[in-house]
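Close look at the chain arrangement
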Amino acid sequence: MARKRKTSGRTPRRTRWFRTLIALAVCGVAAGGLAAYRTLSDDTTERPVTMEEASRLALSRLNLYQASPVAVTLTAAEGGGVVVRVKGVVDYRTHRGVGSYQVTGSTGAPGSSKAAGPAAGQLDHGLIIWDTGGLGLAPAPKGDNSPPWKQAEHIPRSGWSARSYTTDPLDAGLQLLIGLGADRPDNPLLLAQSGARWLERERIDGRSYDRFAGPRAQGATPGAGSDGGRSPLTYWVDGDGGLRRVTMRMPGLGTPTTLEFSGRDGRAKLPEAPWATG
């Protein structure tokens, strides 16, 4: 995919923090075995993960890789009431993703006489592709109601407005999303030693998930800061090591970026045209 530098002159924010976050999220070390899933019904407060829990958390990235292509939804708050939502698929074998995006926010004009105030409406929409190096945007073909991965095949590489990643919430979420799957599990012992914590058990769509705080950033002091030195990444993992949700807290924003995983989409075939060089 062609790369174009941003011309807005903005200096990327939180660069050191974000690089550390990505390194924590995507560091993979070979490990083996998955202990039986146990119900710890007496747990009511957060605590360090057990080795069985660390094993399931470590296995979640491999499960994503093996399930490819995976249906995903990303929701990022950009500040000022603007929200970007991406729905698509990711193939972790090729490290490519494709989908549609929609930007919503306040559409009320200053000085409006409407008592109800500004209304939330659609500000922009279209197609989006992304990989390990950056992202590209393109208008959706008019009158085409096929899945985004089919629509994207009809748009040549030159039809995409491409750029490298910044540290804005959408870009940070896409970069994290594309790096979550791996062809091997993490090392559960290292996860446990690096501060991964069990937070609570939740049910999503009738299924039980354990919610985990990921490993802490290197040098973070447990209990320090407003977040107790906890990782900005939170994972929802089921009894088989299946990943359902990941949230990422961004500095200065009250609403975290959310990644939702809906399982394998066997119909999806990622397009070649946006990345074709011929």
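Residues numbered from 1 in each chain as written. Predicted model: local features only at pLDDT ≥ 70, side-chain atom pairs only at ≥ 80, totals over all residues. Heavy atoms only, no water.

**Describing the overall build of the protein**
Across its full length, the protein holds five helices and 12 strands. Counting only residues that meet the buried cut, the protein has 45% of its 278 residues in that class. A separation threshold of at least 6 residues defines the contact pool for the protein, and within that pool the share at least 24 residues apart is 63%. Carbon and sulfur atoms make up 51% of the accessible area of the protein, which amounts to about 13900 Å² in all. (Helix = DSSP H or I, 4+ residues; strand = E, 2+ residues; numbered from the N terminus. Buried < 20%, exposed > 50% of the residue type's maximum accessible area, 1.4 Å probe, protein only. Contact = heavy atoms within 4.5 Å. Areas by Shrake-Rupley, 256 points an atom, 1.4 Å probe, with all protein chains shown as cover.)

**Structural notes on the side chain of Gln 151**
By secondary structure assignment, the location of Gln 151 is in helix 3 (residues 148-153). With sequence-adjacent residues up to four places away left out, Gln 151 is seen in contact with Leu 127, Ala 140, Pro 141, Asp 144, Asn 145 and Ser 146.

**Focus: the pattern of salt bridges**
Enumeration over the complete set of coordinates arrives at 17 salt bridges. Arg 56 serves as the salt-bridge partner of Asp 210, at 2.9 Å between the closest nitrogen and oxygen. Taken together, the positions of Asp 210 in strand 9 (residues 207-213) and Arg 56 in helix 2 (residues 51-67) put the pair 154 residues apart, joining distant regions of the chain. The exposure classification of Asp 210 matches that of Arg 56, with both residues buried. Note that Arg 163 is salt-bridged to Asp 171, the shortest N-O span being 2.4 Å. Owing to a relative accessible area of 17%, Arg 163 belongs among the buried residues under this scheme. Through salt bridges that share partners, Glu 52, Arg 56, Arg 201 and Asp 210 make up one connected network. (Salt bridge = Lys/Arg side-chain N within 4 Å of Asp/Glu carboxyl O.)

**Structural notes on the pairing of strand 11 (residues 243-248)**
Counting buried residues along strand 11, six of its six residues qualify, which places the element largely inside the surrounding structure. In the sheet, strand 10 (residues 233-237) pairs with strand 11 via five bridges, with the strands oriented antiparallel. Each residue of the ladder has a partner; that of Leu 233, found in strand 11, is Met 248. The turn linking strand 10 back onto strand 11 is made up of five residues, and Gly 241 within it adopts a positive phi angle of 85°. (Pairing = 2+ DSSP bridges.)

**Thoughts on the packing of aromatic side chains**
Both the distance between ring centres and the angle between the ring planes are used here to describe each pair of aromatic rings. Under the definition given, this model contains zero aromatic pairs. Just above the ring of Trp 236 sits the side chain of Arg 245; from NZ or CZ to the centre is 5.2 Å. (Phe/Tyr/Trp six-rings, centres within 6.5 Å; stacked < 30°, edge-to-face > 60°. Lys NZ or Arg CZ within 6 Å of the ring centre and 35° of its normal.)

**Quick notes on the nonpolar core**
Of all hydrophobic cores here, the largest spans 39 residues; its most connected members are Trp 130, Leu 177, Leu 180, Val 246 and Phe 261. No other element matches helix 4 (residues 169-179), which puts six residues into this core. Judged by nonpolar contacts, the second largest core, of 12 residues, contains Leu 127, Ile 129, Ala 138 and Trp 275. (Core = buried A, V, L, I, M, F, W, Y, C linked by side-chain atoms within 4.5 Å.)

**Section: the confidence of the model for the protein**
Mean pLDDT over the protein works out to 82, with 74% of the residues at or above the 70 mark. Below pLDDT 50 for its whole length, residues 26-42 participates in 40 contacts with residues either more than four positions away or in separate chains. Note on residues 109-117: pLDDT is under 50 here. Beyond four places in sequence and across chains, it has zero contacts. (pLDDT = per-residue confidence, 0-100.)

**Some details on helix 2**
End to end, helix 2 covers 24 Å across 17 residues, agreeing with the expected 24 Å (1.5 Å per residue, within 8%). Along helix 2, the sharpest change in direction is near 30° and occurs at Ser 60. Where burial is concerned, most of helix 2 is hidden: 12 out of the 17 residues are buried. Those residues of helix 2 not exposed but buried are Glu 52, Glu 53, Ala 54, Ser 55, Arg 56, Leu 57, Ala 58, Leu 59, Ser 60, Arg 61, Leu 62 and Leu 64. (Expected span 1.5 Å × (residues − 1). Bend = angle between axes of the 7 residues up to and from the residue.)

**Some words on unusual backbone geometry**
Along the chain, Ser 68 connects to Pro 69 via a cis peptide bond; the corresponding omega equals 0°. Assignment of secondary structure puts Pro 69 in the loop between helix 2 and strand 2 (70-79). Phi angles above zero are rare outside glycine, and His 95 is one such case at about 55°.

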